[in-house]
Amino acid sequence: MIPIVKPFLPELSLYNAQVGQIFDRNYLTNNGPVLRELEAKLAEYFGVPHLLLVANGTIAIQIALMALEIKGKVITTPFSFAATSSTLAAMGLTPEFADIDAQSLNIDPKTISEAQLAHSSAILPVHVYGNACDVDELASLAKQHDLKIIYDAAHTFGAKYKGKALLSYGDAATISLHATKIFHTVEGGAIAFKHKQDYEKAKQLINFGFDSNNMPNLVGINAKMSELHAAMGLCLFEYIDNITSHRAELFQRYQEKLDSLVYMQEYAETCRPNGAYAPIILANEAELEGVQEHLAGLAIQTRRYFYPSLSLMECYKGAGDTPIANDICSRVLCLPMYYELSFEQVDFICASVSKFLTYYRGRK
Ligand SMILES: Cc1ncc(COP(=O)(O)O)c(C=O)c1O
């Protein structure tokens, strides 16, 4: 069986050593020493000055929205995981969908309407599968219309644009450190803020709103990461270069073998694929279902990620007409991608896709 994803685990002895120290200190959560060490290491790794670790990537978006005091309507993309829009809706904000660019799969600034720009307070774009959004155009729109930008950068570990980590763009950018991601803390997330005052405020918000005098003078929640979670991140640090380079090479192998057969996302100039996912876009939904079934028969797991387009969900009815996102969602399929995957396995997966498509397309 080739699973769609496999969490990376460090040597157990490394994690045990961390846990041993945590037990000795008996300090389990609330801005502990392991968390602070991981925060400092990640801030340096990303090259961002104001980085805050939180309990998961979803609450990272929520805290960023709270810290920046976003109200009312927020322009976003329906080509994303449910968490992007559901966080908005759960906070009483209204998602306003713009469409995506069919090549980059990211929000297409040209499809954001004047009315959306005039009536929204922020843009929440997603760097889809680790590919840089049109950050310059989005920054220009935000400046003209006095909007904040919060990037859902959940997939961007190791991804850079113009030499800078994708987390360094926007008023805030959030990342997921979930077990299935390139780098993880089992459950976890982080927010990089542009301004120190927003970071300071968020630090209070993740701890029930308590200030340095222990007064709950902001409406906060509990979004803290525990020491045991942070310890996993510290252990993984030693493996980062191996993980990121192998995953990027696996992605390249997929590209070499499948590029001429299926459509693959076009990356922004200077943004190297980080191997977060291996998505392919089939000609239509029937072809996708055929590929998925064929691979399942060979014990190769795949995932329709993202499906369906969020703008087609009843709960977001009327939030925007997005034909391109709707179309791509119906025919995008993610193939297995994880550190332990071998080039031989990728070759087998690609040969299986190719064999099926040759047969399927030849029938017509
Ligand atoms: C685009 C996007 N945003 C947000 C999230 C939520 O992250 P988490 O699972 O850490 O809450 C995910 C999860 O994969 C995601 O893909």
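Looking at an unreviewed UniProt entry, one finds the protein named DegT/DnrJ/EryC1/StrS family aminotransferase and attributed to Thalassotalea euphylliae. In the Sequence similarities (unreviewed entry) part of its UniProt record, the protein is described as follows: "Belongs to the DegT/DnrJ/EryC1 family."

Draft legend 1. How the structure looks around the layout of surface pockets. In this structure, the largest pocket spans a volume of roughly 480 Å³. What lines the largest pocket is a set of 32 residues, and nearest its centre among them are Phe81, Ser176, Lys181, Tyr277 and Tyr305. Classifying every residue of the lining of the largest pocket gives 16 nonpolar, 11 polar and 5 charged.

Draft legend 2. The arrangement of the site of the ligand in detail. Residues in close proximity to the ligand total 16 residues, the closest being Thr58, Asp152, His155, Lys181 and Tyr305. Side-chain polar atom of His155 to an oxygen atom of the ligand: 2.7 Å apart, as the coordinates give it. Take Tyr305: an N or O atom from its side chain is 2.7 Å from an oxygen atom of the ligand. Its atoms largely coinciding with the cavity grid, the ligand occupies the largest pocket.

Draft legend 3. Broad picture of the packing of helix H1 (residues 12-25) against helix H8 (residues 227-237). It is at 9 Å that the axes of H1 and H8 come closest, and there the two elements cross at 145°. Like other packed secondary-structure pairs, H1 and H8 cross with a definite hand, here right-handed. Across the interface between the two elements, Leu14, Tyr15, Gln18, Val19, Ile22 and Arg25 from H1 touch Glu227, Leu228, Ala231, Met232, Leu234 and Cys235 from H8. Across the contact of H1 with H8, the residue classes break down as 9 nonpolar, 1 polar and 2 charged.

Draft legend 4. Local environment of helix H7 (residues 196-205). Listed as buried for H7 are Asp198, Tyr199, Lys201, Ala202, Gln204 and Leu205. The inward-facing, buried residues of H7 contact strand E1 (50-54), helix H3 (57-67) and strand E9 (189-193).

Draft legend 5. Representation of the UniProt feature "active site" (unreviewed entry) in the protein. The residues that UniProt annotates with the feature "active site" (unreviewed entry) are Lys181. Residue placement: Lys181 occurs in the loop between strand E8 (172-176) and E9. Sequence-distant contacts of Lys181, defined by excluding residues within four places in its chain, comprise Ala154, His155, Ser176, Arg247, Tyr277 and Tyr305.

Draft legend 6. Region of interest: unusual backbone geometry. Here the residue pair Tyr305 and Phe306 is connected by a cis peptide bond, since its omega of 15° sits within 30 degrees of zero. Within the fold, Phe306 resides in the loop between helix H10 (285-297) and helix H11 (323-329). Residue Pro308 is reached from Tyr307 by a cis peptide bond, and omega for that bond is -10°. Along the polypeptide, Pro308 turns up in the loop between H10 and H11. Despite not being glycine, Asn26 has its phi angle at roughly 55°, a positive value. Positionally, Asn26 belongs in the loop between H1 and helix H2 (33-46). Taking the relative accessible area as the measure of exposure, Asn26 reaches 61% and is therefore exposed. Positive phi values are uncommon outside glycine, yet Tyr129 reaches one of about 55°. Tracing the sequence through the fold places Tyr129 in the loop between strand E4 (120-124) and helix H6 (135-145).

The rules we used
Residues numbered from 1 in each chain as written. Predicted model: local features only at pLDDT ≥ 70, side-chain atom pairs only at ≥ 80, totals over all residues. Heavy atoms only, no water. UniProt positions renumbered as here; feature names shortened; annotations may be inferred. 1 Å grid on protein atoms, 1.4 Å probe; cavity = no way out; pocket = protein on both sides within 12 Å on 5 of 7 lines; lining within 4 Å. Points joined across faces, edges and corners; volume = space filled by probe spheres on them. Nonpolar A, V, L, I, M, F, W, Y, C, P; charged D, E, K, R; others polar. Near = heavy atom within 4 Å. Polar contact = N/O pair within 3.5 Å; in protein donor to acceptor, adjacent residues only side chain to side chain. Sits in = over half its atoms within 2 Å of the grid points. Axes fitted to C-alpha atoms, helices over the stretch in contact; angles between N-to-C directions. Helix = DSSP H or I, 4+ residues; strand = E, 2+ residues; numbered from the N terminus. Left-handed = near helix turned anticlockwise from the far one by under 90°. Contact = heavy atoms within 4.5 Å. Buried < 20%, exposed > 50% of the residue type's maximum accessible area, 1.4 Å probe, protein only.

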